[in-house]
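One-letter residues, chain by chain:
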Amino acid sequence: MAIPTLTDLTTPQPTLKTAPVQEVFSSIQGEGIYVGKRQVFVRFAHCHLKCAYCDTPMTSPTGQCHVETPPGSGIIEYHNNPLPPETLVDIIQSLLKTAKHHSVSFTGGEPLLYHQFLQSVFPQVQGHCKTYLETSGTQADFLESVLPWTDIIAMDIKLPSATGEAPQFENHARFYAQAKGNPATECFIKLVFNQRTTLAELAEVRGIVTNRQTPIILQPETSLTDRTVSILPSQVFAAENYLTQYFDDVRVIPQTHKMLNVL
Ligand code: SF4
């Protein structure tokens, strides 16, 4: 058995029914097919992957859940982690009252690491607003337990040229098949790509995404240092031209929330 560290002894650990949440805030969706829509965002801590382009700190600066309220004010309310579902639902409901929202985005980190917790949260959120799951798209078994209460899935397909990690294509194929198992759930694909991305990687996407009407979003990688996009226009067109041969709805959308300088 591993010897507990001092942090283990002083920090309450998440259980199946609680989860570490970094922050909850109301903002504008900056990626994917719902870009520009107002959402409440719930950002979970931690992820099982290590994408090279990841811009998300894996815990909040204080280890607590930070809630910006009112939205855009910079005024932060703190809640001790891990949160029980009822506390998170109360926070979401209070933010939903501040404006008309399209949906509640569960993001991270990887929200599906806390799928048992989400089983308690999603049905309660659906009584007020749509649920939007932003995920690495690699854990089909975890998705199964929340799929009946998931309105929208923003599913990543991780390209090794961008992540710097081993391929996840088999996991993505299982995940996509699971997601398509609920016709009421809308699913779209997000591909972060860069100048090293190959047509062979995009060919893998064809094999995974069997429904040709599923929207495919090509998201040029944003630099972690200066927030610029360095891919050449010719490389963007090459990727887009390739995918439009096989899919009906291919769009190129960079991360727009970074231009707006919002959370
Ligand atoms: S899956 Fe998302 S949160 Fe996890 S390492 Fe990759 S970019 Fe970061």
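Residues numbered from 1 in each chain as written. Predicted model: local features only at pLDDT ≥ 70, side-chain atom pairs only at ≥ 80, totals over all residues.

Colleague: Explanation requested: the overall build of the protein chain in the structure shown.
Modeller: When you go through the protein chain residue by residue, the secondary structure sums to 9 helices and 10 strands. Whereas a compact globule of 263 residues would reach a radius of gyration of roughly 18 Å, the protein chain reaches 18 Å, a difference of no more than 12%. Each principal axis of the C-alpha atoms in the protein chain carries an extent, and together these give about 50 × 45 × 40 Å. Sorting the 263 residues of the protein chain into buried and exposed places 36% on the buried side. In the protein chain, once contacts between residues fewer than 6 apart in sequence are set aside, the share between residues at least 24 apart is 75%. (Helix = DSSP H or I, 4+ residues; strand = E, 2+ residues; numbered from the N terminus. Rg over C-alpha atoms; globule rule 2.2 N^0.38 Å. Buried ≥ 20, exposed ≤ 12 C-beta atoms within 10 Å, placed from the backbone. Contact = placed C-beta atoms within 7 Å.)

Colleague: Before we go on, may I ask you to explain the sheet that holds strand E4 (residues 76–79) in this structure?
Modeller: The pairing of strands in a sheet happens through backbone hydrogen bonds and is either parallel or antiparallel. Reading across from one edge, E4-E3-E1-E2-E5-E6-E7-E8-E9-E10 is the order of the 10 strands in this open sheet, with mixed pairing throughout. Looking at which strands have only one partner, the edges of the open sheet turn out to be E4 and strand E10 (250–252). Geometrically, the sheet is characterised by an average inter-axis angle of 20° between neighbouring strands, direction not taken into account. Inspection of the sheet shows strand E7 (residues 152–156) paired to strand E8 (residues 186–193) by 5 bridges, in the parallel sense. (Pairing = 2+ DSSP bridges. Axes fitted to C-alpha atoms, helices over the stretch in contact; angles between N-to-C directions.)

Colleague: Sorry if this is basic, but what is going on with the pairing of strand E1 (residues 21–28) here?
Modeller: In terms of residue burial, E1 counts as a mostly covered element, since 6 of its 8 residues are buried. Pairing of E1 with strand E2 (residues 38–44) involves 7 bridges; the strand directions are antiparallel. In the sheet register, Glu23 faces E2, and the bridge partner there is Arg43. Bridge analysis of E1 against strand E3 (residues 65–68) gives 2 bridges, and the strand direction is parallel. Its bridge partner being in E3, Glu23 is matched across the sheet by His66.

Colleague: Whenever I open this one, the site of the ligand confuses me. Can you help?
Modeller: Near the ligand the following residues occur: Cys47, Leu49, Lys50, Cys51, Cys54, Thr56, Gly108, Gly109, Glu110 and Ser136. Within the shell around the ligand, the residues separate by chemical class into 4 nonpolar, 4 polar and 2 charged. (Near = placed C-beta within 6 Å. Nonpolar A, V, L, I, M, F, W, Y, C, P; charged D, E, K, R; others polar.)

Colleague: Please clarify how helix H6 (residues 169–179) should be interpreted in this entry.
Modeller: Helical geometry: 3.6 residues make up each α-helical turn, so side chains three or four residues apart lie on a common side. Every buried residue belonging to H6 is among His172, Phe175, Tyr176, Gln178 and Ala179, and all of these are buried. Looking straight down H6, one finds that the buried residues subtend no more than 160° of arc, so they occupy a single side. For H6, the exposed residues set more than 90 degrees away from the buried face come down to Glu170 and Ala177. Residues of H6 that are buried in the fold lie against helix H4 (140–144), E7, E8 and helix H7 (199–208). (Arc of directions from axis to C-beta.)

Colleague: Would you take a moment to explain the confidence of the model for the protein chain for this structure?
Modeller: In low-pLDDT regions, the fine details of the predicted coordinates are not to be read closely. With 92% of its residues at a pLDDT of at least 70, the protein chain reaches an overall mean of 92. This model gives residues 1–10 a pLDDT under 50, and the stretch forms 1 contact once residues within four places in sequence are excluded. (pLDDT = per-residue confidence, 0-100.)

Colleague: I tried to follow H7 on my own but got confused; where do I start?
Modeller: Burial in H7 covers these residues: Glu201, Leu202, Val205 and Ile208. Angularly, the buried residues of H7 cover 105° about the axis, an arc narrow enough to put them on a single face. Seen from the buried face of H7, the exposed residues on the opposite side, beyond 90 degrees, are Leu199, Ala200, Ala203 and Gly207.

Colleague: Looking at this structure, I do not really get the environment of Ala52. What am I missing?
Modeller: If you trace the backbone, Ala52 turns up in the loop between E2 and E3. Linking Ala52 and Thr69, residues 17 residues apart in sequence, is a C-alpha distance of 32 Å. Beyond its immediate chain neighbours, meaning those up to four positions away, Ala52 contacts Ala162, Thr163 and Gly164.

Colleague: Please explain the nonpolar core as it appears in this structure.
Modeller: Looking at soluble globular proteins, one finds that nonpolar side chains tend to be buried together. The biggest cluster of nonpolar side chains holds 55 residues, and the ones touching the most others in it are Val21, Val24, Val42, Ile92, Met155 and Leu191. In contact with Val42, other than residues within four places in its own chain, are Val21, Val24, Leu88, Ile92, Val104, Ser105, Phe106 and Thr107. (Core = buried A, V, L, I, M, F, W, Y, C linked by C-beta atoms within 7 Å.)

Colleague: Help me understand the pairing of strand E6 (residues 130–135), please; the structure alone is not making it clear to me.
Modeller: Working note: regular strand, side chains alternate between the two faces of the sheet. Burial analysis of E6 places 5 of its 6 residues in the buried class, the great majority of the element. The sheet contact formed by strand E5 (residues 103–107) and E6 spans 4 bridges and is parallel. Within the sheet, the bridge partner assigned to Ser105 lies in E6 and is Tyr132. Taking the sense of rotation as the criterion, the β-α-β connection linking E5, helix H3 (residues 115–126) and E6 turns out right-handed. Bridge count between E6 and E7: 4 bridges; the pairing is parallel. Within the sheet, the bridge partner assigned to Thr135 lies in E7 and is Met155. (Right-handed = clockwise from strand over helix to strand, strands pointing away.)

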